[in-house]
Amino acid sequence: MSQMPQPPRLSACPTCAEPPQAGDRYCDRCGADLEAAAAPTARVPADQPVPPQMNGAARSTHQEPEPDDYELAAPASGEYERMADPRSAAEPGAAEAAFGTAEAAPLAEAGLPLESNASTHTSAATSTVSGAGTGTGADPRLPGGNHRPRCAACQEGTIDQDGYCERCGHVQARERDHMESELEGIAAATDRGLRHHRNEDAFMVSAAELPDGSPVTVAVVCDGVSSATRPDDASAAAAHAASTALRTSLPRGAHPQQAMNEAIIAAADAVNSLAMETGAAAPHHEGQRHQNAPACTIVGAVVTSDILTIGWVGDSRAYWVPDDRTAPPARLTEDDSWAAQMVAAGLMTEAEAYADERAHAITGWLGADAYELEPHTASYKPDRPGVVVVCTDGLWNYAESAEQMARAVPPDARARPLNSAQVLVGYALDGGGHDNVTVAVVPFPAAPGRAGSA
């Protein structure tokens, strides 16, 4: 898929030789004005190579390699319970946590028979979410009591609308760099990772009661496509729309699979609307497929007292991890990706496909330039307690198989879902943190608790 034309940019800062990141106006190291330096000689790059395609549709999820924004050492494993984001000098504040049909293979051997006709209902309502923000405090030099955030690095400059210090040029920590949410019976966490300059993942979690008084929990996780425009907006819009749709349709008696299907369609519509805001053609227009519209993947889980339902598009995943670790875990989703298609077609083994550089080119996503929307849904009736791990590839890249994921999940995950989400984020950071990391831990069966959403 061709890329959008890029503005002129330098390959290195003319003052200190620091490689700039996409969209940078000022050098992260010395604060030099990159746009001014690039203007006289910059040229639009040559056409970008087209990602590998399969059946006419494939999209790379990765942008150009990015240098580190900060020198960060990942904390040691087991130190993630309510950890503070090391990238911010500010106190964390309250923030909203929306930033975060091929069926799954039969899983009878894992105690998860496929269930297609169960009926559940739900009603829903928020929890406080912590996130690292920018430096705070009014600049005493500003007249008229004009309060603007102060730079967390130099403590003197103020922050411009693009998030850079007007004095030293240092990029500020963003609200979405690290966020966590916990409700009774469900929790989630997201982190920018150690390589990306922003967090393009998003999640929403909620806990509620069904009309008969039984509990239900919902988790939605989305991953913005980095090679597309506004990937962070796409994931936030999709997570919010899907969660809202589920909290609306389930109380009316919709079957969980039908509700999930409709929620994914609602999420797709929300992402499509972002393309309309930028002047793209209507979704049916052939030309829009090459306009690099905002895009993201999605995976969601609805858990009741006896049924868990999964829905997805793209390569974000859901895993089943039983409390009894002698019982087999299971992966509940199949990727919409080049590698998965190669394996399904019998052209490569799984090891060969995922070793190929084209492995993570996705063949399904939410966005106005998607060829066809095909939501995947599946319902299961586990025969034992456990947790559903709903995550982006920023986590499963470091624990790809169900067995690896089960080893990474703490043994008390069902009793302490927030701690488990923090540990799993830390696991990915310890592994390299090359991508944004988002994970929701959803205990099964759903436990009675307070209704809410976050």
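Each value, and the rule that gives it
Residues numbered from 1 in each chain as written. Predicted model: local features only at pLDDT ≥ 70, side-chain atom pairs only at ≥ 80, totals over all residues. Heavy atoms only, no water. Helix = DSSP H or I, 4+ residues; strand = E, 2+ residues; numbered from the N terminus. Buried < 20%, exposed > 50% of the residue type's maximum accessible area, 1.4 Å probe, protein only. Areas by Shrake-Rupley, 256 points an atom, 1.4 Å probe, with all protein chains shown as cover. Salt bridge = Lys/Arg side-chain N within 4 Å of Asp/Glu carboxyl O. Lys, Arg positive; Asp, Glu negative; His and termini not counted. Pairing = 2+ DSSP bridges. Phe/Tyr/Trp six-rings, centres within 6.5 Å; stacked < 30°, edge-to-face > 60°. Lys NZ or Arg CZ within 6 Å of the ring centre and 35° of its normal. Axes fitted to C-alpha atoms, helices over the stretch in contact; angles between N-to-C directions. Left-handed = near helix turned anticlockwise from the far one by under 90°. Contact = heavy atoms within 4.5 Å. Nonpolar A, V, L, I, M, F, W, Y, C, P; charged D, E, K, R; others polar. Expected span 1.5 Å × (residues − 1).

Before we move on, could you go through the overall build of the protein chain and cite the residues and values that matter?
Looking only at helices and strands, the protein chain has 8 helices and 16 strands in total. A total of 454 residues make up the protein chain; the buried ones form 54% of that total. Approximately 18,700 Å² of the protein chain is accessible, and the part contributed by carbon and sulfur atoms is 50%.

How would you sum up the pattern of salt bridges? Please name residues and give values.
Counting across every chain of the model gives 11 salt bridges. Here D177 makes a salt bridge to R192, at a shortest N to O gap of 3.4 Å. One end of the pair, D177, is in the loop between β3 (129-131) and β4 (178-183); the other, R192, is in the loop between β5 (186-191) and β6 (201-209), with 15 residues separating them in the sequence. The pair formed by D177 and R192 is uniform in burial state, with each residue classed as buried. Among the ionic pairs, D383 bridges to R384, the shortest N-O distance being 2.8 Å. On the accessibility criterion, R384 (29% relative accessible area) is partly exposed. By sharing partners, the salt bridges in this structure join R198, E200 and D232 into a single network.

I'd like to hear about the side chain of D435, residue by residue, with values.
Locating D435 in the fold gives a position in the loop between α8 (417-431) and β15 (437-444). With no salt bridge to any partner, buried D435 finds its closest opposite charge in R192, at an N-O distance of 10 Å.

Go over the pairing of β5 with me, naming the residues and quoting the values.
Of all the 6 residues making up β5, 6 are buried; the element is thus mostly covered by neighbouring parts of the structure. Residue alternation in β5 divides its side chains into two sets, I186, A188 and T190 and A187, A189 and D191, and both sets are buried. Of the pairings in the sheet, the one linking β4 to β5 comprises 6 bridges and is antiparallel in character. Paired with H178 across the bridge in β5 is D191.

I'd love a proper account of the packing of aromatic side chains, names of residues and values included.
Within this structure, the stated rule accounts for 1 aromatic pair. A centroid spacing of 5.9 Å and a plane angle of 80° characterise the contact between W320 and F444, whose relative ring orientation is edge-to-face. Of this pair, W320 sits in strand β10 (residues 317-322) while F444 sits in strand β15, and the two are 124 residues apart along the sequence. Comparing W320 with F444 shows no difference in burial state: the two are buried. Residue placement shows R317 over the ring face of W396; its charged tip is 3.4 Å from the ring centre.

Hey, could you go over the packing of helix α2 (residues 231-249) against helix α3 (residues 256-277) for me, with residue numbers and the actual values?
Direction vectors running N to C along α2 and α3 enclose 145°, while the axes themselves pass 8 Å from each other. Every pair of crossing elements has a handedness; the one defined by α2 and α3 is right-handed. From α2, D233, A234, A237, A238, A241, A242, A245, L246 and S249 reach across to α3, where they touch A259, M260, E262, A263, A266, A267, A270, V271 and L274. Its residues assigned to classes, the contact of α2 with α3 comprises 15 nonpolar, 1 polar and 2 charged.

So what's going on with unusual backbone geometry? Which residues, and what values?
Following F444, the chain continues into P445 via a peptide bond in cis, with omega recorded as 0°. Here P445 shows up in the loop between β15 and β16 (452-453). The backbone phi angle of R230 is positive, close to 50°, even though this residue is not glycine. Relative to the elements of secondary structure, R230 occurs in the loop between β7 (215-224) and α2.

Would you mind going over α2 in detail, with residue names and values included?
For α2, built from 19 residues, the straight-helix expectation of 27 Å at 1.5 Å per residue is met to within 8% by its first-to-last C-alpha distance of 27 Å. The buried count for α2 comes to 14 of 19 residues, which makes it a mostly enclosed element.

Go over the environment of A447 with me, naming the residues and quoting the values.
Along the chain, the position of A447 falls in the loop between β15 and β16. Classification of A447 as partly exposed rests on a relative accessible area of 38%. A sequence separation of 240 residues divides A447 from A207, and the C-alpha atoms of the two residues are 9.2 Å apart.

Residues and numbers for the pairing of strand β8 (residues 295-303), please.
Extensive coverage of β8 is indicated by the burial of 9 of its 9 residues. Burial along β8 is two-sided: A295, T297, V299, A301 and V303 and C296, I298, G300 and V302, pointing in opposite directions, are all buried. Note: β7 against β8, 8 bridges, orientation antiparallel. From the neighbouring strand, D223 faces β8, where its bridge partner is T297. By the bridge criterion, 2 bridges tie β8 to strand β12 (residues 366-367) in an arrangement that is antiparallel. The residue of β12 that forms the bridge with A295 is G367. Pairing between β8 and strand β9 (residues 308-313): 6 bridges, direction antiparallel. Looking at β9, one finds that V302 is bridged to T309. Counted between consecutive antiparallel strands, the loop separating β8 from β9 contains 4 residues.

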